[in-house]
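A structural walkthrough
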Amino acid sequence: MHPQIAAVVNNANPYGQMLNDIAQENAEKVLNYIDDLNLERNIRFRPTHAGSLFMAWNIGDWEYDMECVKNGYIVFTFTKNGYEKASGCTLYDDFIPQFEKYLLML
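As the structure is a prediction and not an experimental result, all values here were calculated from the model. (Residues numbered from 1 in each chain as written. Predicted model: local features only at pLDDT ≥ 70, side-chain atom pairs only at ≥ 80, totals over all residues. Heavy atoms only, no water.)

Moving on to the sheet that holds strand E2 (residues 53-59). The five strands are arranged E1-E2-E3-E4-E5 in an open sheet whose pairing can be described as antiparallel. Unpaired on one side and paired on the other, strand E1 (43-47) and strand E5 (83-91) mark the two borders of the sheet. The sheet shows a mean angle of 15° between the axes of neighbouring strands, direction not considered. This element, helix H2 (residues 21-37), spans E1, E2, strand E3 (62-68) and strand E4 (73-80) of the sheet and lies at about 15° to E2. (Pairing = 2+ DSSP bridges. Helix = DSSP H or I, 4+ residues; strand = E, 2+ residues; numbered from the N terminus. Axes fitted to C-alpha atoms, helices over the stretch in contact; angles between N-to-C directions. Contact = heavy atoms within 4.5 Å.)

Put into structure tokens, the structure is as follows:
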């Protein structure tokens, strides 16, 4: 488990929903993908009240907002200079090609 995800799990609100296994697995996959890119990792993590994990990654003029939700989907918004360039809700396997496309625009 990535230390960032472990920190979110360990510091979870006792009155909120815990991060479920599906959301955690998708978050791990996304972080593994980002690790393989060898880019700056300025990522903020926040658990949601619904039991999912929100990640915001800023790099250059771009912000990649991703929420790994408990039903296996990733809800995402990619913005450049505050303007939305892409958004959607998709499974991990369909998310990565979208993510790659907008990472190539860095």
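Now for the environment of Tyr 64. Mapped onto the secondary structure, Tyr 64 falls in strand E3. When the C-alpha positions of Tyr 64 and Phe 99 are compared, they lie 8.6 Å apart, and in sequence the two are 35 residues distant. At 3.0 Å, the side chain of Tyr 64 and the backbone oxygen of Tyr 102 are in polar contact. (Polar contact = N/O pair within 3.5 Å; in protein donor to acceptor, adjacent residues only side chain to side chain.)

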